[in-house]
Amino acid sequence: MNKLIKSALISVYYKHGLTPIVQRMHELGITLYSTGGTQTFIEDLGIPVIPVETLTGYPSIFGGRVKTLHPGVLGGILYRRNHEQDEKEAVKYGIQAIDCVVVDLYPFEDTVAAGGSADEIIEKIDIGGIALIRGTAKNFQDTLIIPSVNHYAALLNILNEQQGASTLKQRKYFAKEAFEVSSHYDSAIYNYFKGENNGSLRIANRNEHVLRYGENPHQKGSFYGDLDALFTKLNGKELSYNNLLDVEAAVQLIDEFKNCNPTFAILKHNNACGLATRANMAEAYEAAFACDSTSAFGGVLISNGTIDLQTAEKINTLFCEVIIAPNFSDEAVHILKSKPNRIILTRKETPLLQTSVRSILNGYLVQDKDDATETEAELKLVTEKGLDASEINDLIFANKLVKHTKSNTIVLAKNETLIASGTGQTSRVDALNQAIEKARHFGFSLEGTVMASDAFFPFPDCVEIADKAGICGVIQPGGSIKDQLSIDYCNAHGLAMYMTGVRHFKH
């Protein structure tokens with residue numbers, strides 16, 4: 001059933017986009033009620049507006065904390081039209097009908113994000129606005145709620161195209177939007193008060209991007225977040241579900257090398273198939289590509305520095321899905337855009353989430369991000385033999401990578417280059433054998449290579465295999481009750497082993 005707007009209450013924080021709405025309402029003869037700054041805004045337009053105090057009998061009190069929390073306002077919103085008892089009570093108590101409410105809440109999240117003081121943040125918790133939103137949405141059979149500035153355009157369309165008469169379908173849609181706004185707002189407030197303490201899980205993100213499909217074509221998929229805050233897209237098709245998983249893995253990995261010499265990584269199915277640090281980006285790319293030129297096909301590429309023309313010319317011979325860098329030279333962009341579907345992203349300096357959430361069974365797993373990155377000072381030499389500075393640097397390099405590789409995993413590295421990795425294996429021995437076989441397949445010598453493990457060795461079998469393959473040093477967390485067996489083997493055969501005390505499982 002269509003409902004004609006005869007009266008409207010407008011109380012908004014941000015006034016941008018409000019002028020044409022107010023002007024059109026005035027043209028349609030809609031009675032306007034308002035409060036505070038919004039009332040002044042409407043009056044400055046030369047449009048008649050009735051102060052909400054005429055409905056409540058009270059001025060704005062307690063520094064503006066109480067303005068609309070009154071039966072004269074909420075009653076006019078909530079009473080059911082064509083309901084005999086409600087109609088009688090509205091007449092008895094002098095309740096004026098309010099058919100439409102336009103609200104834009106105090107910017108609580110923006111105030112928190114801007115580093116506002118505790119008092120400033122508390123004062124941005126909207127009370128009256130939330131009550132108006134929920135009350136109007138509840139009575140959607142009779143009233144129309146416009147719950148945020150993001151919905152102004154839709155309201156203006158109703159005013160212009162439908163002469164202010166909304167359909168039941170429209171009112172129900174806006175009621176749904178209203179409860180989304182209030183739910184998101186309350187979740188943000190709850191999370192602020194919760195801080196680092198344990199409590200209920202509240203995730204509210206209204207930025208839905210519907211994807212072509214999920215992990216597979218028969219699955220639906222969406223991304224909730226603000227990609228525009230993270231990247232500037234220079235070219236290519238829309239990111240897919242699987243692209244986004246690889247982009248996440250790529251960004252997390254390259255951040256380990258943020259302050260290093262030019263570093264380039266190539267990822268496939270969330271694991272690095274190429275990684276190298278060199279004197280310039282072109283050389284870093286060539287070395288990363290040589291790690292596994294087969295898996296690089298269709299991969300996601302990322303660098304920790306500018307991609308220049310020389311690097312772009314080398315990349316352009318490879319089919320790849322996504323290229324990410326903090327900067328691209330103009331000449332590089334021109335070259336890389338030659339493939340219209342190739343996604344090119346310039347990364348912005350935007351913080352990433354520090355908490356991961358995964359749905360399992362009938363609930364969720366939540367954990368802090370693994371932000372432990374071991375330095376040379378934190379390494380503990382547990383064998384008689386140690387490594388030189390260059391080899392220790394390779395240990396650090398390999399350990400950064402093992403942290404971002406699916407468990408069980410072994411990473412082999414030399415000269416700040418990924419030689420090979422064994423990923424996602426059910427045993428550490430299998431992971432090591434996979435890495436050795438892959439390294440040999442691509443023609444790498446393992447002499448002088450170092451090995452990183454994401455977890456401890458329960459038996460000395462891995463160090464024995466590594467020794468026979470020519471590997472010279474090992475970095476691992478330690479912590480097995482049989483650590484000494486591996487240490488003894490290393491001492492007997494001239495291997496160096498360093499322990500970190502930090503495990504890096506990734507599942």
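See the structure printed just above.
Residues numbered from 1 in each chain as written. Predicted model: local features only at pLDDT ≥ 70, side-chain atom pairs only at ≥ 80, totals over all residues. Heavy atoms only, no water.

A word on the packing of aromatic side chains
Piece 1. Scanning all chains against the criterion turns up 10 aromatic pairs.
Piece 2. Pairing tyrosine 192 with phenylalanine 193 gives two aromatic rings, centres 5.4 Å apart and planes at 75 degrees, and the pair type is edge-to-face.
Piece 3. Using a relative accessible area of 29% as the deciding quantity, one classes tyrosine 192 as partly exposed.
Piece 4. Take phenylalanine 193: its relative accessible area is 52%, and that puts it in the exposed class. (Phe/Tyr/Trp six-rings, centres within 6.5 Å; stacked < 30°, edge-to-face > 60°. Buried < 20%, exposed > 50% of the residue type's maximum accessible area, 1.4 Å probe, protein only.)

Some points on a negative patch on the surface
Piece 1. A cluster of acidic residues, Glu196, Asp368, Asp370 and Asp371, forms a negative patch at the surface.
Piece 2. Within the fold, aspartate 370 resides in the loop between strand E17 (363-368) and strand E18 (380-381). (Patch = residues over 30% accessible without salt bridge, like charges linked within 9 Å, V, L, I, M, F, W, Y side chains within 5 Å. Areas by Shrake-Rupley, 256 points an atom, 1.4 Å probe, with all protein chains shown as cover. Salt bridge = Lys/Arg side-chain N within 4 Å of Asp/Glu carboxyl O. Lys, Arg positive; Asp, Glu negative; His and termini not counted. Charge placed at Lys NZ, Arg CZ, Asp CG, Glu CD. Helix = DSSP H or I, 4+ residues; strand = E, 2+ residues; numbered from the N terminus.)

Re a nonpolar patch on the surface
Piece 1. A cluster of nonpolar residues, Leu201, Ile203, Val357, Tyr364 and Val366, forms a patch on the protein surface that exposes about 490 Å² of accessible area.
Piece 2. Looking at valine 366, the relative accessible area reads 46%, which means it is partly exposed.

Quick word on helix H13 (residues 281-291)
Piece 1. Restricting attention to buried positions, one finds in H13 the residues Met281, Ala282, Ala284, Tyr285, Ala287, Ala288 and Cys291.
Piece 2. Between the side-chain oxygen at the start of H13 and the backbone nitrogen of alanine 282 there is a gap of 3.2 Å, and the oxygen is on asparagine 280. (Polar contact = N/O pair within 3.5 Å; in protein donor to acceptor, adjacent residues only side chain to side chain.)

Thoughts on the pairing of strand E5 (residues 100-104)
Piece 1. Burial within E5 is extensive, with five of its five residues counted as buried.
Piece 2. Burial along E5 is two-sided: the residues Cys100, Val102 and Asp104 and Val101 and Val103 are all buried.
Piece 3. Of the strand pairs in this sheet, E5 and strand E6 (residues 144-146) are connected by three bridges, and their pairing is parallel. Paired with valine 101 across the strands is isoleucine 145, a residue of E6. (Pairing = 2+ DSSP bridges.)

Notes on the sheet that holds strand E20 (residues 418-422)
One key point about sheets: their strands pair by backbone hydrogen bonds, in either a parallel or an antiparallel sense.
Piece 1. Strand order in the open sheet formed by six strands is E18-E23-E22-E21-E19-E20, with mixed pairing between adjacent strands. Each edge of the sheet is formed by a strand with only one pairing partner; in this case those strands are E18 and E20.
Piece 2. Note: E18 against strand E23 (residues 496-499), two bridges, orientation antiparallel. The residue of E23 that forms the bridge with lysine 380 is methionine 499.
Piece 3. Relative to the sheet, helix H16 (residues 389-402) contacts strand E19 (410-413), E20, strand E21 (450-453), strand E22 (473-476) and E23, its axis offset from that of E21 by approximately 35 degrees.
Piece 4. The strands touched by helix H17 (residues 428-441) are E19, E20 and E21; relative to E20, the strand with the most contacts, the crossing angle is about 145 degrees. (Contact = heavy atoms within 4.5 Å. Axes fitted to C-alpha atoms, helices over the stretch in contact; angles between N-to-C directions.)

Regarding the packing of helix H1 (residues 19-27) against helix H9 (residues 152-161)
Piece 1. Axis separation between H1 and H9 bottoms out at 10 Å; the angle between their running directions is 25 degrees. It follows that H1 is roughly parallel to H9 by the angle criterion. Both H1 and H9 take part in a crossing whose hand is left-handed. Contacts from Pro20, Ile21, Arg24 and Met25 of H1 reach H9 at Tyr152, Leu155, Leu156, Leu159 and Asn160.
Piece 2. Looking at the contact of H1 with H9 residue by residue, the class counts come to seven nonpolar, one polar and one charged. (Parallel < 35°, antiparallel > 145°, perpendicular 65-115°, else oblique. Left-handed = near helix turned anticlockwise from the far one by under 90°. Nonpolar A, V, L, I, M, F, W, Y, C, P; charged D, E, K, R; others polar.)

Considering the pattern of salt bridges
Piece 1. Scanning all chains against the criterion turns up 15 salt bridges.
Piece 2. Arginine 24 is the partner of glutamate 27 in a salt bridge, and the nearest nitrogen-oxygen pair spans 3.0 Å. Residue glutamate 27 and its partner arginine 24 are both found in helix H1; the two are separated by three residues, about one turn of the helix.
Piece 3. Given the relative accessible area of 58%, glutamate 27 is considered exposed.
Piece 4. Using a relative accessible area of 16% as the deciding quantity, one classes arginine 24 as buried.
Piece 5. One salt bridge in this structure joins lysine 237 and glutamate 321, with 3.6 Å as the shortest N-O distance. Within this pair, whereas lysine 237 is found in the loop between strand E10 (231-235) and helix H12 (241-254), its partner glutamate 321 is found in strand E14 (residues 320-325), the two being separated by 84 residues in sequence.
Piece 6. For lysine 237, a relative accessible area of 29% puts it in the partly exposed group.

Considering the environment of threonine 136
Piece 1. Relative to the helices and strands, threonine 136 is located in helix H8 (residues 128-138).
Piece 2. Owing to a relative accessible area of 0%, threonine 136 belongs among the buried residues under this scheme.
Piece 3. Residues threonine 136 and leucine 78 lie 58 residues apart in sequence; the distance between their C-alpha atoms is 6.6 Å.
Piece 4. If we skip the residues at most four places from it in the chain, threonine 136 touches Ile77, Val101, Thr143, Leu144 and Ile145.

A closer look at the pairing of E14
Piece 1. The element E14 is largely enclosed, with a buried count of six among its six residues.
Piece 2. Direction of pairing for strand E13 (residues 299-303) relative to E14: parallel, over a ladder of four bridges. Bridge assignment links valine 300 to a residue of E14, and that residue is valine 322.
Piece 3. After leaving E13, the chain enters helix H14 (residues 309-315) and then returns to the sheet as E14, a path that is right-handed.
Piece 4. Both E14 and strand E15 (residues 343-347) contribute to a ladder of four bridges, which runs parallel. Residue pairing across strands places alanine 325 opposite threonine 346, the latter belonging to E15.
Piece 5. Between E14 and its parallel partner E15, the chain crosses via helix H15 (residues 330-336), and the hand of that crossover is right-handed. (Right-handed = clockwise from strand over helix to strand, strands pointing away.)

Structural notes on the environment of cysteine 462
Piece 1. With respect to the helices and strands, cysteine 462 occurs in helix H18 (residues 461-469).
Piece 2. Along the sequence, cysteine 462 and valine 210 sit 252 residues apart, while their C-alpha atoms lie 45 Å from each other.
Piece 3. In contact with cysteine 462, other than residues within four places in its own chain, are Arg428, Val429, Leu432, Met451 and Phe457.

Quick look at the nonpolar core
Across soluble globular proteins, nonpolar side chains show a tendency to be buried alongside one another.
Piece 1. Ile10, Met25, Leu32 and Val102 are the most contacted members of the largest nonpolar core, which has 46 residues in total.
Piece 2. In terms of residue count, helix H10 (residues 168-194) provides more of this core than any other element does, seven residues in total.
Piece 3. Here isoleucine 10 is in contact with Leu18, Val22, Met25, Leu32, Tyr33, Ser34, Thr35, Thr38, Ile42 and Val102, once residues within four sequence places are set aside.
Piece 4. One finds Leu267, Leu275, Cys291 and Val322 within the second-largest nonpolar core, a separate group that totals 42 residues. (Core = buried A, V, L, I, M, F, W, Y, C linked by side-chain atoms within 4.5 Å.)

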